[in-house]
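Summary of structural features
The lines below spell out each chain.
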Amino acid sequence: MKVDDVVANNPIQAIESILLGEPSKTLVIFAHGAGANMHSEFMEQVAEDLAKTGVQVLRFNFLYMQANMQDGKRRPPDRAPKLLNYYQQVLADVSNQIKDGSLVAENIFLMGKSMGGRMSAMLMTPELSDIAKVEIHPEFEQVKKLIKGVVCLGYPFVPLKGGEPRLAPINNATTPVLVLQGERDKFGGKAEIPNWAIDESISLGWITDGDHSFKPRKSSGTSLEANLQACVKQCQQFITSQI
């Protein structure tokens, strides 16, 4: 756990994170989804397997999830501005570790599960500074120069209650974006996504018969393990293509 100064006028807050992999010039920062923290089986498995490809993987918990773990109460996610401000804080801490030599990263990729992927993409849009209550961290503009791409695992295109697809974060991102989506994802699957105006620059990969967590049906002929391996392989290929 590390402590970093946050945006001016905010108190100092702890950064709860886990770093996997040998020192590498490529660092993947991995944000969790709305309902499961960085210790979930999905987060742990993907992080461990991706680290074996030669990159370092840093996963962290947003503040509401830290509070959930401390007292056992289940809280909904914070609003996007609070999530984005804290995400910037994590990146500022990474920037400081690069400066002091604790990290040797020259290439950074933002990766997230569901909500974490949406926040990752939003961080890389020109509209970030226009979002109410989002304060740009003084270190963010510096570390942003090292960010080579965004990876969204199970992007939450539509809310559970329905509505228009949330395309702006991925369409407006200033870095290359990879979206890996389960074919049966209830937040947007293979039946719906082709009908939406997704920018042609977005790399879209499918996970066979996967749900929102890439879990397939028993009748599909594949397995969750195979799907997670396919996920990591596509992530590795995307990362390699951008550095």
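Residues numbered from 1 in each chain as written. Predicted model: local features only at pLDDT ≥ 70, side-chain atom pairs only at ≥ 80, totals over all residues. Heavy atoms only, no water.

1. Some thoughts on the pairing of strand β8 (residues 177-182)
Burial analysis of β8 places six of its six residues in the buried class, the great majority of the element. Burial of β8 is two-sided: the residues Val-177, Val-179 and Gln-181 facing one way and the residues Leu-178, Leu-180 and Gly-182 facing the other way are all buried. Bridge count between β8 and strand β9 (residues 203-207): five bridges; the pairing is parallel. The residue of β9 that forms the bridge with Val-179 is Leu-204. (Buried < 20%, exposed > 50% of the residue type's maximum accessible area, 1.4 Å probe, protein only. Helix = DSSP H or I, 4+ residues; strand = E, 2+ residues; numbered from the N terminus. Pairing = 2+ DSSP bridges.)

2. Topic: the packing of aromatic side chains
One pass over the structure, following the stated rule, counts nine aromatic pairs. A ring pair is formed by Phe-60 and Phe-62, whose centres lie 5.0 Å apart and whose planes are at 75°; its orientation type is edge-to-face. Accessibility assignment for this pair places Phe-60 and Phe-62 in one class, buried. Where Phe-157 meets Trp-196, the ring centres are 5.4 Å apart and the plane angle is 40°; that geometry is what we call tilted. Residue Phe-157 is located in the loop between β7 (147-153) and α6 (168-171), and its partner Trp-196 is located in the loop between β8 and β9; the two are separated by 39 residues in the primary sequence. Put simply, the rings of Phe-60, Phe-62, Tyr-86 and Tyr-87 pair up and form one aromatic cluster. Note that Lys-113 overlies the ring of Phe-42, its terminal NZ or CZ placed 5.4 Å from the centroid. (Phe/Tyr/Trp six-rings, centres within 6.5 Å; stacked < 30°, edge-to-face > 60°. Lys NZ or Arg CZ within 6 Å of the ring centre and 35° of its normal.)

3. Things to note about the confidence of the model for the chain
Per-residue confidence for the chain averages 92 on the pLDDT scale, and 94% of its residues sit at or above 70. Here residues 1-12 is a poorly scored stretch, pLDDT under 50, and it has 28 contacts once near neighbours within four places are set aside; other chains count. (pLDDT = per-residue confidence, 0-100. Contact = heavy atoms within 4.5 Å.)

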